[in-house]
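A structural walkthrough
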Amino acid sequence: MQAPSPQPASDVTMRSQTFPMQMAEEKKPAGELSKLSATNLNFHYGTFQALHGISMQVYDKRVTAFIGPSGCGKSTFLRTLNRMYETIRNARVDGEILLDGEDIFKLEVSALRRRVGMVFQRPNPFPKSIFDNIAYGPRINGSVSGSGIKDHVEQSLRRAALWDEVKDKLHDSAYGLSGGQQQRLCIARALAVNPEVLLLDEPCSSLDPIATAKIEDLIFQLKDSCTIVIVTHNMQQAARVADFTGFFLMGKLIEFDNTTVIFKNPAKKETEDYITGRFG
Amino acid sequence: MLSLRRKAVNAVMLSLTGVCTFVAVGTLLFILGYLFVHGGSSLTVDFFTKLPTPVGEPGGGMANAIVGSAKLLLIATCIGVPIGFLGGVYLAEFGGSAFSFVVRYTTDLLNGVPSIVIGIFAYTLIVLPQGHFSTLSGGLALGVMMIPIAIRSSEDFLRAVPVSLREGAMALGASKAKTIFTVVIPAAKAGLITGIMLNVARVAGETAPLIFTAFGNRFWSRGWEQPTASLPVMIWTYAISPYKDWKQQAWSAGFVLLMLVLTINVTARMILSKRGHAAR
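Keep in mind that this is a model prediction, so the values were computed, not measured. (Residues numbered from 1 in each chain as written. Chains lettered and ligands numbered in written order. Predicted model: local features only at pLDDT ≥ 70, side-chain atom pairs only at ≥ 80, totals over all residues.)

To continue, consider the overall build of chain A. In terms of helices and strands, chain A carries eleven helices and ten strands. The contacts in chain A between residues at least 6 apart in sequence include a share of 69% that link residues at least 24 apart. (Helix = DSSP H or I, 4+ residues; strand = E, 2+ residues; numbered from the N terminus. Contact = placed C-beta atoms within 7 Å.)

With that settled, the discussion passes to the pairing of strand β6 (residues 116-119) of chain A. All names here are of chain A. The alternating pattern of β6 places Val116 and Met118 on one face and Gly117 and Val119 on the opposite face, and all of these are buried. Across four bridges, β6 lies against strand β7 (residues 197-201) in parallel orientation. Looking at the pairing, Val116 lines up with Val197 of β7. (Buried ≥ 20, exposed ≤ 12 C-beta atoms within 10 Å, placed from the backbone. Pairing = 2+ DSSP bridges.)

The next subject is helix α6 (residues 135-159) of chain B. In an α-helix there are 3.6 residues to a turn, and that puts residues three or four apart on one side. End to end, α6 of chain B covers 35 Å across 25 residues, agreeing with the expected 36 Å (1.5 Å per residue, within 8%). With respect to burial, α6 of chain B is a largely interior element, 23 of its 25 residues being buried. (Expected span 1.5 Å × (residues − 1).)

This next bit is on the interface of chain B and chain A. Taken together, the contact between chain B and chain A spans 16 residues of the former and 22 residues of the latter. Listing elements by their share of the side of chain B that touches chain A, those giving two or more residues are α7 (163-171), α8 (176-204) and α11 (244-279) of chain B. No other element matches α7 of chain B, which puts six residues into the side of chain B that touches chain A. Looking at side-chain class alone, the side of chain B that touches chain A contains nine nonpolar, five polar and two charged residues. (Nonpolar A, V, L, I, M, F, W, Y, C, P; charged D, E, K, R; others polar.)

Glancing now at the sheet that holds β7 of chain A. All names here are of chain A. Read across the sheet, six strands follow the order β6-β7-β8-β3-β9-β10 without closing on themselves; strand pairing throughout is mixed. The open sheet has two free edges, formed respectively by β6 and β10 (252-258), since each of these has just one partner strand. In this sheet, adjacent strand axes meet at a mean angle of 15° when their direction is disregarded. Set on the sheet, helix α7 (residues 179-191) makes contact with β6 and β7; between it and β6 the angle comes to about 170°. (Axes fitted to C-alpha atoms, helices over the stretch in contact; angles between N-to-C directions.)

The next point concerns the nonpolar core. One finds Ile230 of chain A together with Ala253 of chain B to be the most contacted residues of the largest nonpolar core, which totals 144 residues. Discounting residues that sit within four places of it in the chain, Ile230 of chain A has contacts with Val63, Ala65, Leu200, Pro203, Ile219, Val241 and Ala242 of chain A. (Core = buried A, V, L, I, M, F, W, Y, C linked by C-beta atoms within 7 Å.)

Position of Phe244 of chain A among the secondary structure elements: in strand β9 (residues 244-249). Once the C-alpha coordinates of Phe244 of chain A and Ala65 of chain A are considered, the two residues, 179 residues apart in sequence, prove to be 6.2 Å apart.

And the structure:
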């Protein structure tokens with residue numbers, strides 16, 4: 001993919017730099033607390049600029065969805081929030097992201113990732129038992145003592161609505177579970193570290209509708225205890241689960257608002273075109 | 001007409017590939033059968049428990065050579081496996097592209113060095129300064145032979161571990177080192193063990209590097225610093241001797257060595273296939 005030619009790029013960059021800022025001032029819903037706050041974030045893979053001046057808020061204990069066509073930068077943005085992009089060579093970020101007012105680039109990376117957990121597109125359980133998968137995070141972080149770990153595993157599995165299905169086979173391999181169960185296992189594994197924010201990168205893209213519905217129910221329950229950011233290809237899913245929705249296009253955040261506004265009354269033509277299926 | 005030609009070409013090629021396959025498999029079966037008939041038939045308990053007898057005296061065995069081979073392989077494993085394994089970890093997980101290329105190229109060259117040259121290397125390094133042949137120098141020669149394959153097989157098996165597992169661990173706050181030791185290596189364990197076993201099996205039959213390092217011994221070796229008998233060198237000495245019963249002993253030794261190598265091979269393959277079954 002080519003970077004856009006300089007003239008229109010600077011034009012749009014300017015807009016997306018100022019636009020969400022205005023939004024934050026104008027439309028910041030009453031009573032919402034900012035959990036994560038990005039300001040003027042640029043992202044480069046080598047010479048290719050994948051994100052252009054993203055500025056936005058993720059509100060505490062709310063579900064925020066990112067939608068947009070493939071390659072629009074929504075997953076890239078998600079991966080900057082817990083600095084998972086750092087494993088990629090040549091990836092470079094400038095701009096600011098604050099977690100509860102703290103600069104995430106100044107935090108110790110493993111401390112950040114304990115606070116901002118992540119679930120991936122395809123279920124990726126470790127080739128270990130169900131129990132050891134859940135216990136992995138607390139064990140490596142030394143956060144739960146030896147005797148407490150059993151209760152902690154149970155509690156995490158309950159939070160992910162998986163306990164009843166696996167309580168009799170905790171010591172079987174996690175590979176024996178179905179795809180949907182594996183994905184909930186991965187959510188439970190992330191929850192076991194007690195993250196404040198949970199990033200979900202297209203968590204249902206490899207699941208059937210029933211498994212998808214279970215994950216969506218789960219997202220709904222989790223938002224009491226956790227801030228959730230979800231990237232999805234499925235617009236209906238965003239409409240169903242998210243309180244706020246951001247629309248990405250060609251590395252820019254075109255529009256960010258209440259989910260109902262985005263889907264019923266978008267301010268931008270591009271958003272409307274995408275929502276109504278005129279492209280993408 | 002054309003279809004007739006096509007059928008004829010098909011028949012010729014099919015028989016050609018079939019014959020070649022048969023030759024390849026047949027050679028192995030022939031060697032196995034020949035060794036079994038000549039060596040297996042005269043194999044006695046004495047072969048495993050007694051020392052070689054002087055020329056002309058019937059009976060005796062090669063207990064010292066069996067133990068010698070085991071000692072040599074133990075030293076070789078202690079040298080080749082840690083270096084090869086950690087080198088493989090480096091290449092798979094940390095190596096920069098340019099440097100890794102050089103290392104891989106060098107290991108391939110080392111792998112191509114004739115085994116007798118490796119023997120001379122160990123001879124120069126240990127035997128010359130010490131002034132006498134030793135078990136240690138033989139083990140070193142075999143160990144050096146193990147390094148290139150150990151590096152490459154460890155690297156391959158570590159690389160085969162999906163990126164998604166590494167990401168899963170790092171997203172839970174695991175450092176790179178912790179990810180490697182708690183997720184990547186355990187996930188590759190079966191492959192790594194198989195690689196080591198196949199490597200041991202490969203050097204078990206090496207003769208040339210032992211001729212002027214471990215040398216050979218008609219009696220029990222008096223320690224790691226002293227020369228020792230080994231099965232391959234024993235086979236060589238006995239097979240070129242003019243005595244009929246020695247030649248018979250060489251057949252038996254060949255049979256035992258082949259069985260040893262075959263057992264290691266089959267066990268290694270079984271570990272790998274069983275593991276592959278459980279993981280998928």
